[in-house]
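Residues per chain, in single letters:
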Amino acid sequence: MGEWFTDAYASHYDAVVRYCHRRLRDAGAAEELAQEVFLTAWRRGGERPRSMLPWLYGIAHKMLANEWRARRRAASTVPLLDEDGWDAGVTAGAEESVAVRLDVEAALLSLAEADQEILRLVGWEQLDLGEAAVALGCRRATAAVRLHRARRRLLRALDPPPSAFAVDPVRRPAVGSQERS
Amino acid sequence: MNPVDEVRRLLGPVDPARALPAYTTPPPLAVPVEAAPQARSRRWALAVSGAGAAVVITAALLVNPLTTRDTATAVMPAPLVMQYGADPAPHPGPYLSRLAEQVGAAPYDATSGRYVRLTTKGWYLDTTITRDAVASATVPMESQLWLARDGSGRETVRKLPPEFPDEAARAKWKRLEPTMPPADPTHDLKPGEYALSWPRGLPTDPAALAAALARPGDPVEPLLRVQNANRELIPDRAARAAVLRALALLDDLAYRGEVTDRAGRRGVAVSADTPDGGRREVLVFAPDTGELLAHETMIMREPGALDLPAYPAVVSYTLFLNRAHVDRPGA
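Cut-offs applied
- Residues numbered from 1 in each chain as written.
- Chains lettered and ligands numbered in written order.
- Predicted model: local features only at pLDDT ≥ 70, side-chain atom pairs only at ≥ 80, totals over all residues.
- Heavy atoms only, no water.
- pLDDT = per-residue confidence, 0-100.
- Core = buried A, V, L, I, M, F, W, Y, C linked by side-chain atoms within 4.5 Å.
- Buried < 20%, exposed > 50% of the residue type's maximum accessible area, 1.4 Å probe, protein only.
- Helix = DSSP H or I, 4+ residues; strand = E, 2+ residues; numbered from the N terminus.
- Contact = heavy atoms within 4.5 Å.
- Salt bridge = Lys/Arg side-chain N within 4 Å of Asp/Glu carboxyl O.
- Phe/Tyr/Trp six-rings, centres within 6.5 Å; stacked < 30°, edge-to-face > 60°.
- 1 Å grid on protein atoms, 1.4 Å probe; cavity = no way out; pocket = protein on both sides within 12 Å on 5 of 7 lines; lining within 4 Å.
- Points joined across faces, edges and corners; volume = space filled by probe spheres on them.
- Nonpolar A, V, L, I, M, F, W, Y, C, P; charged D, E, K, R; others polar.
- Axes fitted to C-alpha atoms, helices over the stretch in contact; angles between N-to-C directions.
- Parallel < 35°, antiparallel > 145°, perpendicular 65-115°, else oblique.
- Left-handed = near helix turned anticlockwise from the far one by under 90°.
- Expected span 1.5 Å × (residues − 1).
- Arc of directions from axis to C-beta.

### As for the confidence of the model for chain B
And step 1. Mean pLDDT over chain B: 77, with 72% of residues reaching 70 or higher.
And step 2. Interface predicted TM-score (ipTM) for the complex: 0.73; the corresponding pTM is 0.55.

### A word on the nonpolar core
And step 1. With 55 residues, the main nonpolar core has A:Cys20, A:Leu56, A:Leu119, A:Leu154 and B:Leu11 as its most contacted residues.
And step 2. In terms of residue count, helix H1 (residues 3–24) of chain A provides more of this core than any other element does, 10 residues in total.
And step 3. With residues up to four places along the chain from it excluded, the contact list for A:Leu56 reads A:His12, A:Val16, A:Val37, A:Phe38 and A:Ala41.
And step 4. Formed by 33 residues, the second largest nonpolar core is a distinct cluster that contains B:Ala229, B:Ala241, B:Val270 and B:Phe285.

### Details of the pattern of salt bridges
And step 1. Across all of its chains, the model carries 26 salt bridges over all chains by this definition.
And step 2. Of the charged contacts, one joins B:Glu6 and A:Arg151 as a salt bridge, the two residues approaching to 2.6 Å between their closest N and O atoms. Note that B:Glu6 is positioned in helix H1 (residues 3–11) and A:Arg151 in helix H8 (residues 140–157), a pairing that runs across two chains. Residue B:Glu6 shares its accessibility class with A:Arg151, and that shared class is buried.
And step 3. In this structure, B:Arg154 engages B:Asp188 in a salt bridge whose closest nitrogen and oxygen atoms are separated by 2.7 Å. Taken together, the residues span a long stretch of sequence, with B:Arg154 in strand E5 (residues 153–159) and B:Asp188 in strand E6 (residues 186–189) at a distance of 34 residues.
And step 4. We classify B:Arg154 as partly exposed; its relative accessible area is 26%.
And step 5. Classification of B:Asp188 by relative accessible area gives partly exposed; the value is 45%.

### Re the packing of aromatic side chains
And step 1. Counting across every chain of the model gives eight aromatic pairs over all chains.
And step 2. The interplanar angle of 35 degrees and the centroid separation of 6.3 Å between the aromatic rings of A:Tyr13 and A:Phe38 together place this pair among those described as tilted. Here A:Phe38 lies in helix H2 (residues 27–43) and A:Tyr13 lies in helix H1, a separation of 25 residues in the sequence. Summarising the burial analysis for this pair, A:Tyr13 and A:Phe38 share the class buried.
And step 3. Note on A:Tyr13 and B:Tyr23: the rings are 5.7 Å apart at their centroids and 80 degrees apart in plane angle, and the pair reads as edge-to-face. With A:Tyr13 in helix H1 and B:Tyr23 in the loop between H1 and strand E1 (30–31), this residue pair bridges two chains. As far as the burial class goes, A:Tyr13 and B:Tyr23 line up, both buried.

### Looking at the layout of surface pockets
Residue and element names in this part refer to chain A.
And step 1. Counted as a void, the second largest pocket has a volume near 860 Å³.
And step 2. Mapped by element, the contributors of at least two residues to the lining of the second largest pocket are helix H3 (52–65), helix H6 (113–123) and helix H7 (129–136).
And step 3. In terms of residue count, H3 provides more of the lining of the second largest pocket than any other element does, seven residues in total.
And step 4. Of the residues assigned to the lining of the second largest pocket, the class counts are 13 nonpolar, five polar and 12 charged.

### Thoughts on the packing of helix H4 (residues 206–213) of chain B against helix H6 (residues 237–249) of chain B
Residues and elements named next belong to chain B.
And step 1. Look at H4 against H6: their axes get within 8 Å of each other, and the N-to-C directions meet at 65 degrees. Accordingly, the angle class assigned to the pair H4 and H6 is roughly perpendicular. Our pair here, H4 against H6, has a crossing hand that is right-handed. In this structure, H4 uses Pro206, Ala207, Leu209, Ala210 and Leu213 to contact H6, whose residues at the interface are Ala242, Val243, Arg245, Ala246, Leu247 and Leu249.
And step 2. Tallied by class, residues from the contact of H4 with H6 come to 10 nonpolar, no polar and one charged.

### A look at H3(A)
Residues and elements named next belong to chain A.
And step 1. Here H3 is 14 residues long and its end C-alpha atoms lie 20 Å apart, about the 20 Å a rise of 1.5 Å per residue gives.
And step 2. Burial analysis of H3 places 12 of its 14 residues in the buried class, which makes it a mostly covered element.
And step 3. Among the residues making up H3, those that are buried are Met52, Leu53, Pro54, Trp55, Leu56, Tyr57, Gly58, Ile59, Ala60, Met63, Leu64 and Ala65.

### Some details on the side chain of B:Thr119
And step 1. Looking at the secondary structure, you find B:Thr119 in strand E3 (residues 115–129).
And step 2. Excluding residues that lie within four positions of it along the chain, B:Thr119 makes contacts with B:Ser143, B:Gln144, B:Leu319, B:Phe320, B:Leu321 and B:Asn322.

### Quick word on the packing of helix H2 (residues 93–101) of chain B against H6(B)
Residue and element names in this part refer to chain B.
And step 1. Relative orientation of the contacting elements H2 and H6 amounts to 165 degrees, with a least axis distance of 8 Å. Here H2 is positioned roughly antiparallel relative to H6, judged by the angle of their axes. For the pair H2 and H6, the sense of crossing is left-handed. Contacts between H2 and H6 pair Gly93, Leu96, Ser97, Leu99, Ala100 and Glu101 from the former with Ala241, Leu244, Arg245, Leu247 and Ala248 from the latter.
And step 2. When grouped by side-chain class, the residues that make up the contact of H2 with H6 number seven nonpolar, two polar and two charged.

### Examining unusual backbone geometry
And step 1. Look at the link from B:Asp87 to B:Pro88: it is a cis peptide, with omega at -5 degrees.
And step 2. Considering the arrangement of structural elements, one finds B:Pro88 in the loop between strand E2 (56–61) and H2.
And step 3. Backbone geometry at A:Gln126 places phi at a positive 60 degrees, although glycine is not the residue there.
And step 4. You can see A:Gln126 is positioned in the loop between H6 and H7.
And step 5. One non-glycine residue, B:Asp252, lies in positive phi territory at about 65 degrees.
And step 6. Assignment of secondary structure puts B:Asp252 in the loop between H6 and strand E7 (254–260).
And step 7. Judged by its relative accessible area of 56%, B:Asp252 falls in the exposed class.

### What about H2(B)?
Residues and elements named next belong to chain B.
And step 1. Those residues of H2 that sit buried are Gly93, Leu96, Leu99 and Ala100. Axial view of H2: buried residues confined to an arc of 135 degrees, hence all on one face. Looking at H2, the residues exposed on the side facing more than 90 degrees away from the buried face are Pro94 and Glu101.

### As for the environment of A:Ala143
All names here are of chain A.
And step 1. With respect to the secondary-structure elements, alanine 143 resides in helix H8.
And step 2. By relative accessible area, alanine 143 is classed as buried at 0%.
And step 3. Separated by 12 residues in sequence, alanine 143 and glutamate 131 have C-alpha atoms that sit 9.2 Å apart.
And step 4. Sequence-distant contacts of alanine 143, that is, excluding residues within four places in its chain, are made with Ile118, Leu129, Ala133 and Cys138.

Okay, structure coming up:
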């Protein structure tokens, strides 16, 4: 096994698990998929670019699109208010924040998968446009256009934008039952 | 605020990974070898732990139900008997070129429809090996895929109950198997959900197709890409001939000659070995239509971690049983 691989595994395992978890919402499945991503990376080592992490994300994206669909379905109901999720520790008085989060999440989930992915890569994986382009297998200019359009659609889905919400979390739609694509 | 910053501001607070612990020490690397129908790109592989700890290996072995008996060795199918089974085998160039000239029509060539319907079947034995235990399960699997060129459609994967040589094996498997949520057998695909490897179909120019199939230093990749294409599209007569002509142009392939696949169909086989000679991929084509009938993966020698009963060992097997153009998913 090449040194590049052991270095990549040690350096990027955490980031790849997080990438997978953001799309699977299942820590165990995310860990397993991350391992498969690295195995695929190992097998395709000859193709690896200098920008390793976006490349790994690209591998994970393709695996999620195909091989993991069936498994993902079993956990397709996204718990937006799960016990150990992002809302952990929400206290009374934080309802507005919770509702805003719900709306952002619901808006994101309402977008096409391609829009979601560019937004996640930039917003959660913290990739710049050049890195996102590597992950998506496109040119930087294309990634920039995709981000622009996806951001516009996200904002449209959030209309009015979250900062302007008058919040009543009880009357929010049951977005927790939405199925992830 | 520029778009990148704005997206981060919006999405940052809803990052589902916020609550995850830091994975500072990666676990031992598990090596999956399963070749499930929907696992279009999984390959046989062996690896060691990235962290230098215990090695976990997951393998998948084909099981021929006709020969399954109540022993560990019986779940392993015998390798296909091929006309040129021994090495060295001839290069397939002249054989496949001649075959390409004779490619005839398939029943679906004159049909059309928004969706392709692909029916495959395979038998797999998953083996999990840890430092102190080995567990195996035989998993037959049937798959039907309805797929439009926009990536929408439906997929039905019927994973039949795992089979075990004995109760002890079942108990060990239950202890070691990865815990994954059960999957629904049927899944509707939204547009774009199925990422096509060949969104524009197969090139019908043999040289262009050969270039698209080849990857330097990886002799088995062209065969894997051909079988991947057959998992998402139906090559028409011209494309089937082009595949044969393209493979005829590539180095490092072996012509294995006449063979009868595990569905009893006559075919001709082409194989390629990994550079280290440890793994062999085999494709079986119909001699009259040029259709891909079967894909088989074999481990050629003891890889040092698996305790398979004999080598070469068939580790995955897929039969391409039916292809059709239909107008709606489920038809």
